[in-house]
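# Working through the structure, step by step
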Amino acid sequence: MSTESEMIEEKKETKISKEEEATRNMMSSIKSKVEDSCLGKVEEKEVDIIPEALVIGGGIAGMYAALDIADAGFKVHLVERTPTIGGHMAQLDKTFPTLDCSACILTPRMVDVGAHPNINLMSYSEVIGVEGSVGNFKVKVKRKPRYVYEKDWEYGTLCTGCALCEEACRFAHKWPNEFDVNLGKKSSIYRPFPQAIPAVYCVDPEYCQMVKKGKCGKATLESTREAIKKIARGEEVSKDEAPPCVLTCKPNCIDFDMKEEIVELNVGTIIVATGWDIIDPSLSPEYKYGVYPNVIHGLEFERYSSASGPTFGKIMVGGKEPKDAIFISCVGSRNKQTGYEYCSRVCCMYLAKHAHLLEEKVHGCKITVLYQDVRAFGKGFEEFYDRVKGEGINYKRGLAAEIYQKPGSDRVVVRGEDTMLGEPYELEADLVVLGVGLKPSEGSEKVLEMLGISQTEDKFAKEAHPKLRPVDTDVEGVFVTGCAQGPKDIPDSVAQGKAAAAASLALLAKGKAKIRPSVTELDEELCVGYKSLREMADKIGA
């Protein structure tokens, strides 16, 4: 027999369960009404896909993506903001863990890109506007003036890359060369490096006197215009009528009246391969980068080590070879104070490579690598790390706390704590190399916003799914690859570049894409809404 209190409790539970069931039924009815009245009427529309692709960024990932699409028979527009393709890989001396010559494996691919009939190489250009959707993107590209013609024109022909203009320039080898991380010098008219593609010279408007002031020596802009016409007619020109670069240019392809132009492209798919820049080492002021000349970062070491660099491959910092060198890992990255909390993945291994190259080039140099933990995760990486340690390189666990210079000495002292032994250390060195991390390249954030691609907290492009769709984005028809998606080494960048090309080709080869028409969205800030679920149900007749 049930007691009175148990019966009351049972009635309460029955009432609650009936109310819950009524609420569920009402919500189900509302959902059904909404789907029938709105979603049921939204039909997918099939559109034709323009059989052309756009690749933004001419680094190693962008190059491979462009080559794969072009080899499949589709037109590719490759847009690169600098005067040459190749990206940062072109600045490297060797690549880990195999120690292949970077230029030896990169430059043949650069030539392939420049010579491919299906690739429209648009160097020294920037994407400034994107409209449309998958299958039909309308893209605006700003082509900056080189002041040197790449193709036939009224008075001249294609630049042959002969270098006569560079050597004849009144300011030959006077200005900082960005390709050499400002360690080397360039002329006002220059080619970033001898193997640059396209093999065309470029006038730097920041340093060229004719562009800046309309005058170079006694030659003016007006006299130069007339001189160019005379040269085209085969007439003699005096040295005061035109600047030396124009006088020595046999193809007559220099034109100081060139203006920037806007090119409009229609493409079916877009691949973002905007690459990386180094994290500013001055964000870690304790390491005195920019204060002491013998404190350099990893990319500067690459140029010192390269045979095409400012010292022709000799490690000469401050005019002498180092006797003691220290490499410091995780500079800038994995650090909340700098704002870059992620691991850049490549720093441990490129410091191991640098230590090996220094030991190889400067015999007897005492080398120490300061680290917090070594991440040798890739194929052959652990073996390379063991090889470097076996060459006598001293690995000391514990990052440096500060770097200072003793009065009257050009050597620096690196101070920190060995966290393995729990002991402080002070190490003197002639050279300190900072293993700086990677960040998204300058201007990439603007490109991602233009395309409507979400970004991670670290400002890299956010993929549609980190595991199942690593090169797709939430914008259909737009793919991301290489270091635009996150820090990675060369093999991973190449693999992801080819993956993005395959994803793009899947759409281009199909020829059609299904898109859903735009659906009006509710502005929650402006909408007052209903006071209760029942009021909303009554309103729509549920």
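The following paragraphs examine the structure supplied in this document.

Cut-offs applied
- Residues numbered from 1 in each chain as written.
- Predicted model: local features only at pLDDT ≥ 70, side-chain atom pairs only at ≥ 80, totals over all residues.
- Heavy atoms only, no water.
- Helix = DSSP H or I, 4+ residues; strand = E, 2+ residues; numbered from the N terminus.
- Buried < 20%, exposed > 50% of the residue type's maximum accessible area, 1.4 Å probe, protein only.
- Contact = heavy atoms within 4.5 Å.
- Areas by Shrake-Rupley, 256 points an atom, 1.4 Å probe, with all protein chains shown as cover.
- Pairing = 2+ DSSP bridges.
- Axes fitted to C-alpha atoms, helices over the stretch in contact; angles between N-to-C directions.
- Core = buried A, V, L, I, M, F, W, Y, C linked by side-chain atoms within 4.5 Å.
- Salt bridge = Lys/Arg side-chain N within 4 Å of Asp/Glu carboxyl O.
- Disulfide = S-S within 2.5 Å.
- Expected span 1.5 Å × (residues − 1).
- Arc of directions from axis to C-beta.

Summing up its helical and strand segments, the chain has 13 helices and 28 strands in all. Expressed as a percentage of its 542 residues, the buried residues of the chain come to 48%. Excluding contacts between residues fewer than 6 apart, the proportion of contacts in the chain whose partners are at least 24 apart in sequence is 67%. By element, 51% of the accessible surface of the chain is carried by carbon and sulfur atoms, the whole surface being about 27,700 Å².

Glancing now at the sheet that holds strand S21 (residues 394–397). Sheets are built from strands that pair by backbone hydrogen bonding, the pairs being arranged parallel or antiparallel. Within the open sheet, the five strands sit side by side as S18-S25-S19-S20-S21. Their pairing is parallel. Strands with a single pairing partner mark the edges of an open sheet, and in this sheet they are strand S18 (295–297) and S21. Across the sheet, the axes of successive neighbouring strands diverge by a mean angle of 25°, strand direction being ignored. Looking at chain direction, strand S20 (residues 366–371) and S21 are connected through four bridges and run parallel.

Grouped together as the largest cluster of nonpolar side chains are 54 residues, with contacts concentrated most on Phe327, Ile328, Leu358, Val414 and Val432. Here the element with the most residues in this core is helix H9 (residues 347–361); it accounts for seven residues.

Attention shifts here to the sheet that holds strand S7 (residues 125–133). Pairing within the open sheet is antiparallel, and its three strands lie in the order S7-S8-S15. Looking at which strands have only one partner, the edges of the open sheet turn out to be S7 and strand S15 (261–267). Here the strands of the sheet are splayed against their neighbours by 20° on average, with no regard to which way each runs. As paired elements, S7 and strand S8 (residues 136–143) share eight bridges and run antiparallel to each other. Bridging across to S8, Ser125 finds its partner in Arg143.

This next bit is on the pattern of salt bridges. Taken as a whole and judged by the stated rule, the model has 27 salt bridges. A salt bridge links Glu126 to Lys144, with the nearest nitrogen and oxygen atoms 3.3 Å apart. Here Glu126, found in strand S7, pairs with Lys144, found in the loop between S8 and helix H4 (164–168); they are 18 residues apart in sequence, far enough to count as distant. Overall, Lys144 belongs to the partly exposed group, its relative accessible area being 24%. Linking Arg411 and Glu428 is a salt bridge whose minimum nitrogen-to-oxygen distance equals 3.2 Å. Linking Arg411 in the loop between strand S22 (400–405) and strand S23 (412–418) with Glu428 in strand S24 (residues 423–429), this pair joins segments that are 17 residues apart in sequence. The class for Arg411 is partly exposed, based on a relative accessible area of 21%. Sharing partners across several salt bridges, the network here consists of Asp324, Lys406, Arg411, Glu428 and Asp430.

Attention now moves to the state of the cysteines. Here the structure, examined in full by the defined rule, presents zero disulfides. Just so you know, Cys245 is unpaired, no disulfide at all, and the nearest cysteine sulfur is the one on Cys208, 6.5 Å from it. Take Cys245: its relative accessible area is 9%, and that puts it in the buried class.

The next subject is helix H6 (residues 221–233). A rise of 1.5 Å per residue sets the reference length of H6, with its 13 residues, at 18 Å; its end C-alpha atoms lie 19 Å apart and thus fit the reference within 8%. Regarding H6, the residues found buried are Leu221, Thr224, Ala227 and Ile228. The buried side chains of H6 occupy one side of the element, clustering within an arc of 110° when seen end-on. Seen from the buried face of H6, the exposed residues on the opposite side, beyond 90 degrees, are Glu222 and Arg233. The inward-facing, buried residues of H6 abut helix H5 (209–213), strand S14 (219–220) and helix H7 (244–248). Immediately downstream of H6, the backbone of Gly234 shows phi near 85°, a positive value.

With that out of the way, let us pick up unusual backbone geometry. Put simply, Phe96 and Pro97 share a cis peptide bond, and its omega is -5°. Looking at where Pro97 falls in the secondary structure, it is placed in the loop between strand S4 (94–95) and strand S5 (100–101). In this structure, Pro198 follows Ile197 across a cis peptide bond, with omega equal to 5°. In this fold, Pro198 is placed in the loop between strand S11 (189–190) and strand S12 (202–203). Even without a glycine there, the phi angle at Arg345 is positive, about 70°. Although it is not a glycine, Lys459 sits at a positive phi angle of roughly 75°. Here Lys459 is to be found in the loop between helix H11 (444–451) and strand S27 (478–480).

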